[in-house]
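Understanding the architecture of this molecule
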Amino acid sequence: RALTTVRDIPLPSTPTRDFPGGEPSKPEMRTTCPGPNTLAARAELDAFQETGALRFVVDVENSRGCYVRDVDGNVMLDMFSHIASLPIGYNHPTMLEVFTNPRNVATLAHRPALFNLPPAGYAKTVRETLMSVAPRGLTHVTTQMCGSCANENAMKQVYIAVANRRRRERGGYGAGDVSEEELSSCMVNRAPGSKPYKFLSFHGAFHGRTAACLSLTHSKPTHKLDIPAFEWPIAPFPRLRYPLDDPACAAHNAAEEARCVKETCELLDADPDVVGVIVEPVQSEGGDNHASGAFFRSLRAECASRGVKFIVDEVQTGCGASGTFWAHEQWGLDDPPDAVTFSKKMQIAGYYTKADLVPDAPYRVFNTWMGDPGKVLMLEAVLKCVKNDGLVENARVTGEYLREGLHALSRAHAGKLHNVRGVGTITAVDLDSSAARDDAVDALREEGVDIATCGDRTIRCRPGLYFTPKHARVFLDAFDRVLARSSG
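So, how was this worked out
Residues numbered from 1 in each chain as written. Predicted model: local features only at pLDDT ≥ 70, side-chain atom pairs only at ≥ 80, totals over all residues. Heavy atoms only, no water. Salt bridge = Lys/Arg side-chain N within 4 Å of Asp/Glu carboxyl O. Helix = DSSP H or I, 4+ residues; strand = E, 2+ residues; numbered from the N terminus. Buried < 20%, exposed > 50% of the residue type's maximum accessible area, 1.4 Å probe, protein only. Phe/Tyr/Trp six-rings, centres within 6.5 Å; stacked < 30°, edge-to-face > 60°. Lys NZ or Arg CZ within 6 Å of the ring centre and 35° of its normal. Axes fitted to C-alpha atoms, helices over the stretch in contact; angles between N-to-C directions. Parallel < 35°, antiparallel > 145°, perpendicular 65-115°, else oblique. Left-handed = near helix turned anticlockwise from the far one by under 90°. Contact = heavy atoms within 4.5 Å. Core = buried A, V, L, I, M, F, W, Y, C linked by side-chain atoms within 4.5 Å. Pairing = 2+ DSSP bridges. Right-handed = clockwise from strand over helix to strand, strands pointing away. Expected span 1.5 Å × (residues − 1). Polar contact = N/O pair within 3.5 Å; in protein donor to acceptor, adjacent residues only side chain to side chain.

1. Some points on the pattern of salt bridges
Tallied over the entire structure, the rule returns 36 salt bridges. Measuring nitrogen to oxygen at the nearest pair gives 3.5 Å for the salt bridge that ties Asp-335 to Arg-300. Note that Asp-335 is positioned in the loop between strand S7 (309–313) and strand S8 (339–342) and Arg-300 in helix H11 (residues 293–306), a separation of 35 residues in sequence. Here Asp-335 falls in the partly exposed class, since its relative accessible area comes to 31%. The closest approach of N and O atoms between Asp-442 and Arg-445, which form a salt bridge, is 4.0 Å. With Asp-442 and Arg-445 both in helix H14 (residues 434–446) and three residues apart, this pair spans about one turn of that helix.

2. A few points about the packing of aromatic side chains
Scanning all chains against the criterion turns up 15 aromatic pairs. With a centroid separation of 6.2 Å and an interplanar angle of 35°, the aromatic rings of Tyr-159 and Tyr-197 are classed as tilted. Linking Tyr-159 in helix H6 (residues 147–169) with Tyr-197 in the loop between helix H7 (180–186) and strand S4 (198–202), this pair joins segments that are 38 residues apart in sequence. Pairing Phe-295 with Phe-296 gives two aromatic rings, centres 5.2 Å apart and planes at 75°, and the pair type is edge-to-face. Of the two residues, Phe-295 and Phe-296, neither departs from the other in class, the shared state being buried. The cationic tip of Arg-111 hangs over the ring face of Trp-369; the distance from NZ or CZ to the ring centre is 3.7 Å.

3. Examining the packing of helix H13 (residues 391–412) against helix H15 (residues 469–485)
Between H13 and H15, the shortest axis-to-axis distance is 10 Å and the interhelical angle comes to 20°. What the angle tells us is that H13 and H15 run roughly parallel. Judged by the sense of rotation from one axis to the other, the crossing of H13 with H15 is right-handed. Between H13, through Asn-394, Thr-398, Tyr-401, Leu-402, Gly-405, Leu-406 and Leu-409, and H15, the contact on the second element is made entirely by Pro-469, Ala-472, Arg-473, Phe-475, Leu-476, Phe-479, Asp-480 and Leu-483.

4. Focus: unusual backbone geometry
Cis peptide bonds are those with omega within 30 degrees of zero, and the linkage from Ala-191 to Pro-192 qualifies with 5°. Although it is not a glycine, Ala-84 sits at a positive phi angle of roughly 65°. By the secondary structure assignment, Ala-84 is in helix H2 (residues 81–84). Notably, Asp-288 is not glycine yet its phi reads approximately 55°, a positive angle.

5. Topic: the environment of Leu-406
Turning to its location among the elements, Leu-406 is positioned in helix H13. Here Leu-406 falls in the buried class, since its relative accessible area comes to 0%. C-alpha of Leu-406 to C-alpha of Leu-200: the two residues are 206 residues apart in sequence and 35 Å apart in space. Contact partners of Leu-406, with chain neighbours within four places excluded, come to Leu-417, Val-420, Thr-427, Val-429, Phe-475, Leu-476 and Phe-479.

6. Overview of the nonpolar core
One broad trend across soluble globular proteins is that nonpolar side chains are buried collectively. Grouped together as the largest cluster of nonpolar side chains are 91 residues, with contacts concentrated most on Leu-130, Met-346, Phe-475 and Phe-479. What Leu-130 contacts, discounting residues up to four positions off in sequence, is Val-141, Thr-143, Phe-342, Met-346, Ile-348, Tyr-352, Val-376 and Leu-379. Residues Ala-150, Tyr-159, Phe-199 and Val-365 belong to the second largest nonpolar core, which totals 22 residues.

7. Section: the pairing of strand S14 (residues 458–461)
The side-chain alternation of S14 yields two buried faces, one formed by Thr-458 and Arg-460 and the other by Ile-459 and Cys-461. Pairing of strand S11 (residues 426–430) with S14 involves four bridges; the strand directions are antiparallel. By the bridge assignment, Ala-428 is partnered in S14 with Arg-460. In this sheet, S14 lies alongside strand S13 (residues 452–454) in antiparallel orientation, the contact comprising three bridges. Residue pairing for S14: Ala-452 is matched across the bridge by Arg-460.

8. Description of the sheet that holds S7
Pairing in this open sheet of seven strands is mixed, and the strands run S3-S9-S8-S7-S6-S4-S5 from one edge to the other. The sheet is open, and its two borders are formed by strand S3 (140–144) and strand S5 (234–235), each paired with just one other strand. Against the sheet, H6 engages S3, S4, strand S6 (274–279), S7, S8 and strand S9 (349–353), with an angle of about 30° to S9.

9. What about the pairing of S7?
Most of S7 sits out of view: five of its five residues are buried. Residues Lys-309, Ile-311 and Asp-313 of S7 are buried on one face, and the alternating residues Phe-310 and Val-312, pointing to the opposite face, are buried as well. Judged from the four bridges that link them, S6 and S7 form a sheet pairing that is parallel. When the sheet's bridge partners are listed, Val-279 is paired in S7 with Val-312. Note that the unit made of S6, H11 and S7 has a crossover that is right-handed.

10. Comments concerning the sheet that holds S14
Ordered by their spatial adjacency, four strands build an open sheet running S10-S11-S14-S13, and the pairing between neighbours is antiparallel. Every other strand in the sheet has two partners, leaving strand S10 (418–423) and S13 as the edge strands with one partner each. Between one strand axis and the next, the sheet turns by 25° as a mean value, whatever way the strands run. Against the sheet, H13 touches S10, S11 and S14, its axis set at about 175° to S10.

11. Observations concerning helix H10 (residues 247–270)
With 24 residues, H10 extends 35 Å from end C-alpha to end C-alpha; this agrees with the ideal 34 Å at 1.5 Å per step. Contacts made by the buried residues of H10 are with S4, S5, S6 and H11. The backbone nitrogen of Ala-248 lies 2.9 Å from a side-chain oxygen of the residue at the head of H10, namely Asp-246.

Written out as structure tokens, the structure is:
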């Protein structure tokens, strides 16, 4: 609908109730942000930490729902939710009950070496939480500490599986068939024990900051500068025209996706040691870059035909914000991914895999904690809210309204906004330049909206799952005022 203003768009209904226990109805700014109390707190931290990324200091106890309060008393609509990791807002009663329920005290007080000494009843807990939302076709789950750990160790399970498959193909299999030369050479980081295996990633990707993950990350130089990296292949990710469903964009986008698939195949065919491909459903840190389901289906099929494992990194997109529980569900894959990694809104990090990626022996993928049962209890609270309050459907409905509102703003403020795009509330829009984008984000914060950036000139929305159309209206009204004041 070519509606002129945000106020012309009716608020859609959503299955999600108001935030339990109440929340503010609108932002309230008492000082500039960062204010004097934040600046004082930052000065304290600065004595023993690097604080350049500190935005403001949060008064967690007095924040509620989708509204964050800082230590200066400013109340802001939180559209970044701690880098997309706060799933059900501030001080949700169901989450707080995790920490007040006497049945949980022992679990929260004793963090175990989980793969050596799991607590009683843990199998049932995992079955009712993590496995209840397992992606189709993936039968096993391994918990980890963070998204980087999840990606790094999922890659290791691919390497182990590929090495065993190649041993099997040459007539041996398993640890008993590993040569003495392999065992001794791996201890000094040499072949044949240390394999030359590689993962293919995409320009614009972000997969984490551990050593191997940095070799897969290509979003910002600051992440990678001065850090040694593997010389692994990097394929082009489609640079599409938006909206994706606009017939005027169809021919360009189809050709661009075909080019990227072709170049990916050429890289795979050039090196038999490329044993895996990893991709994000939305390149979040790299600029909220999207591709069509057809692109991902082609990519998956090309990997499968070559015996190359296919990992989907859902660290930022998983747990409902896309309008489906997993964003890759929208691709229509016939053959599921070999692994799906997760973290952030799931509270616990890790990855799901098919059975053939399960390691062949203990301690091959291992660390002291291997996750945290307390975080699984937090996930249990999140999943209860997702189910009871229709949060996945809410993300779909609210995301559609949010994008319709951004389109209205782009018409009302001609030439200032570009490339509205998204799935669910994982929504983004471009401005004319990095400077214009940064100015808009600063102005939005003064209006009481905390939102973040990505890519060169993109504003990205990453609210929690209780973010409803009424919250989106608050943001759109504030953005309307900011754009009206901006020059150009």
